[in-house]
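# Coordinates in review
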Amino acid sequence: MGIFFRETSVISNTFELPTSGSPVSLPPASEQAERSWKDAVDETRRRSPASFEQWFSSVQFDGLEQGVLSLVARDEWVRDWVVAHFLPDLLANLERHLGAEANGGLRVRWRVQPQLDKPVCQGRSVVKTRPSEAPPASSSAPRRSERPSTIVYSRASLAAALNAKHTFPNFVVGPSNALAYAAAFASAGGGGPRYNPLFIAGGTGLGKTHLMHAIAHKVLEERPSARVVYVSAERFTNDFIEALQHHRMDEFRTRYRAECDLLLVDDIQFLAGREQTQEEFFHTFNALRDADHPIVVTSDKYPQQLQRMPERLVSRFTSGLVADIQVPQLETRVAIVKKKAQIEGIDLSDAVAELLAQNVQSNVRELEGALIRLAAKSSLTGRHIDEEFAESELAVVSPRRPDMVSVEDIQRAVCSHFRLSNSELLSKDRHKSVAFARQVAMYLCRQRLKCSFPELGRAFGNRDHTTVMSAVRRVEALRQRDPQVNAHLEAIEQRLASSED
Ligand code: ADP
Ligand code: MG
């Protein structure tokens, strides 16, 4: 059980975890430091609010002085989990908010203390019942009645988790997603060869979740008694932790194995590095496949690119069909805009549909967002959606205004994403990971700032313009075919977008 039930007897345990560099001098715990901390917390929370609330109800902020962030954890288990799963993001956000003040990197000092006066979140704590206070396993029965299980199967919770509009008829099929669509349709019993498992890989906002919901809708429509389990990998993980904590593993296994006719797990990349959950998922997977119950998994990366995922799981993922979804071409994007407009009852001309599809290229979610904003603005102002209106709105809301970021901003964002220093980025280091980060930075500068190649060469440690050209081409090509590269780019673009706010 390792990390989950580690006993905590040390009350005032202090240890430091270095981050990217040595400590630097910051002004004493100022209002500015507190504000930066709060902003960084908000940003980190946004990534997975439920999980954040749960863990940070057992963590307290204890100040930020002289480059040292002080935190208190209710016990070591919480501390280790937060260090492994939240701290890298939290620190990156915090360092960004502190700007120049944190240039040398922050250190973290932890204390362990069972009672917290002011936890970061007031939500449900993961350690309200501390392991040392838990009754022995043999007397687990009374504890079962303490709180209702959220693990048990419930048709209502499934319905609530599914978006009614995410159906097969509402999904536009084009060359970029045809295989994934056909395979998903077959998994739902729609005909054609059925692969088990089906692994759907693709970048953010390209329709993976839509296909998962479509499978669930179709199966439930045709076989209402089918026991369909649709969860994100994060939810699977949280259920597993809860089951372990509250001695409900039998319920957990009933739900995910014995009483599951179809298992849909979204965003499996979340299991990276979560060894115990991976182990449990491995057994769940085997049990279902042995019973010939379909399993569909989505991911933002191909199985072989999943980091910190054991080989035996990767090989299970590739044992059926791996179907990818790529960024849709212009024609498909136009068709998607028209389909969305039809579903939402928005009156849209072909010319405006084309204009939107041309302007929002990399992500269907953003494309949909642009259409919805336009429709909202039109209904508020009473103005008809014509090309001129659409163009002016696109210019206003476009989150990427090239004049607002500089080469330095992009270099900074890339460095904090890949956890490199600026001098490493600009150095002659040809180590694979540093070179890749450098190429990504060059690509983003070229794409967003339209700098000339010689200009960029100078900005990146006086490199030859041909080096910059081939870097930009390489990343451009990789972005098209490698969802992992796409995910890196999107994460950096998000960083840039939030620093522009
Ligand atoms: P992902 O899970 O890959 O991040 P989603 O499935 O959440 O992406 O899709 C984002 C949005 O884009 C959803 O509203 C979805 O309906 C829409 N979408 C994506 N691809 C298509 C498509 N081919 N046809 C219609 N809508 C799509
Ligand atoms: Mg999704």
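That block above? That's the structure.
Notes on the structure in this doc start here. (Residues numbered from 1 in each chain as written. Chains lettered and ligands numbered in written order. Predicted model: local features only at pLDDT ≥ 70, side-chain atom pairs only at ≥ 80, totals over all residues. Heavy atoms only, no water.)

## A word on the sheet that holds strand β9 (residues 321–325)
Spatial strand order, β6-β7-β8-β5-β9: five strands in an open sheet with parallel pairing. Each of the sheet's edge strands pairs with one partner strand only, and the pair in question is β6 (228–232) and β9. Between one strand axis and the next, the sheet turns through 15° on average, direction left out of account. Two strands pair when backbone bridges link them, and strand β5 (residues 198–202) and strand β8 (residues 295–299) are joined in this way by four bridges, in the parallel orientation. Paired with L198 across the two strands is V296, which belongs to β8. Along the sheet, helix α8 (residues 208–222) contacts β5, β6, β7 (262–266), β8 and β9; its crossing angle with β7, the most-contacted strand, is approximately 160°. Against the sheet, helix α9 (residues 233–245) engages β6 and β7, with an angle of about 95° to β6. (Pairing = 2+ DSSP bridges. Helix = DSSP H or I, 4+ residues; strand = E, 2+ residues; numbered from the N terminus. Axes fitted to C-alpha atoms, helices over the stretch in contact; angles between N-to-C directions. Contact = heavy atoms within 4.5 Å.)

## Concerning the packing of aromatic side chains
Throughout the structure, instances matching the rule amount to 18 aromatic pairs. Ring geometry for F168 and Y181: centres 5.4 Å apart, planes at 85°, overall edge-to-face. Taken as a pair, F168 in the loop between α6 (155–161) and α7 (178–187) and Y181 in helix α7 lie far apart in primary sequence, 13 residues in all. Given the relative accessible area of 18%, Y181 is considered buried. Ring plane angle 15° and centroid distance 5.9 Å describe the contact between F171 and Y181, whose orientation is recorded as stacked. (Phe/Tyr/Trp six-rings, centres within 6.5 Å; stacked < 30°, edge-to-face > 60°. Buried < 20%, exposed > 50% of the residue type's maximum accessible area, 1.4 Å probe, protein only.)

## Quick notes on helix α17 (residues 407–418)
Each turn of an α-helix holds 3.6 residues, which means side chains three or four residues apart point in the same direction. Its twelve residues place the ends of α17 17 Å apart at the C-alpha level, agreeing with the 16 Å of an ideal helix rising 1.5 Å per residue. For α17, the full list of buried residues reads V407, I410, Q411, A413, V414, C415 and F418. One or two positions beyond α17, positive phi appears at R419, with a value near 55°. (Expected span 1.5 Å × (residues − 1).)

## Points about the pairing of β9
Burial of β9 is one-sided: the residues L321, A323 and I325 facing one way are buried, the residues V322 and D324 facing the other way are not. Pairing geometry for β5 and β9, over five bridges, is parallel. The residue of β9 that forms the bridge with F199 is V322.

## Some remarks on unusual backbone geometry
Look at the link from N196 to P197: it is a cis peptide, with omega at 0°. If you trace the backbone, P197 turns up in the loop between α7 and β5. In this structure, D292 takes a positive phi of about 60° despite not being glycine. Note that D292 resides in the loop between α11 (275–290) and β8. Here R308, not a glycine, exhibits a phi torsion of approximately 50°, which is positive. Topologically, R308 is positioned in the loop between β8 and α12 (311–317). Using a relative accessible area of 62% as the deciding quantity, one classes R308 as exposed.

## Points about the nonpolar core
Within the largest apolar cluster, 32 residues are counted, with the highest numbers of intra-cluster contacts made by V414 and V440. Those elements that provide at least two residues to this core are α17, α19 (432–449), α20 (453–459), α21 (465–481) and α22 (483–500). The element contributing the most residues to this core is α19, with ten residues. (Core = buried A, V, L, I, M, F, W, Y, C linked by side-chain atoms within 4.5 Å.)

## Here's the deal with the pattern of salt bridges
What the rule picks out here adds up to 20 salt bridges. Here R45 ties to D42 by a salt bridge, and the two come within 3.8 Å at their closest N and O atoms. Of this pair, R45 and D42 are both found in helix α1 (residues 31–47), three residues apart, which corresponds to roughly one turn of the helix. R412 is paired through a salt bridge with D409; the nearest N and O atoms lie 3.3 Å apart. Remark: D409 and R412 occur in helix α17; sequence separation between them is three residues, near one turn of the helix. Judged by its relative accessible area of 51%, R412 falls in the exposed class. One network of salt bridges, in which partners are shared, links R235, D239 and R255. (Salt bridge = Lys/Arg side-chain N within 4 Å of Asp/Glu carboxyl O.)

## Some thoughts on the site of ligand 1
Of all residues adjacent to ligand 1, which total 18 residues, the nearest are G205, K208, T209, H210 and E368. The side chain of N177 places a nitrogen or oxygen atom 3.3 Å from a nitrogen atom of ligand 1. Coverage of ligand 1 by the protein amounts to 94% of the 560 Å² it exposes when considered alone. For the shell around ligand 1, a count of residues per class yields five nonpolar, nine polar and four charged. Counting contributing residues, the shell around ligand 1 receives three or more from each of domain 2 (155–325) and domain 3 (330–397). (Near = heavy atom within 4 Å. Polar contact = N/O pair within 3.5 Å; in protein donor to acceptor, adjacent residues only side chain to side chain. Areas by Shrake-Rupley, 256 points an atom, 1.4 Å probe, with all protein chains shown as cover. Nonpolar A, V, L, I, M, F, W, Y, C, P; charged D, E, K, R; others polar. Domains from an automatic or database assignment.)

So, to be careful, I would describe these as geometric facts and stop short of saying anything about function.
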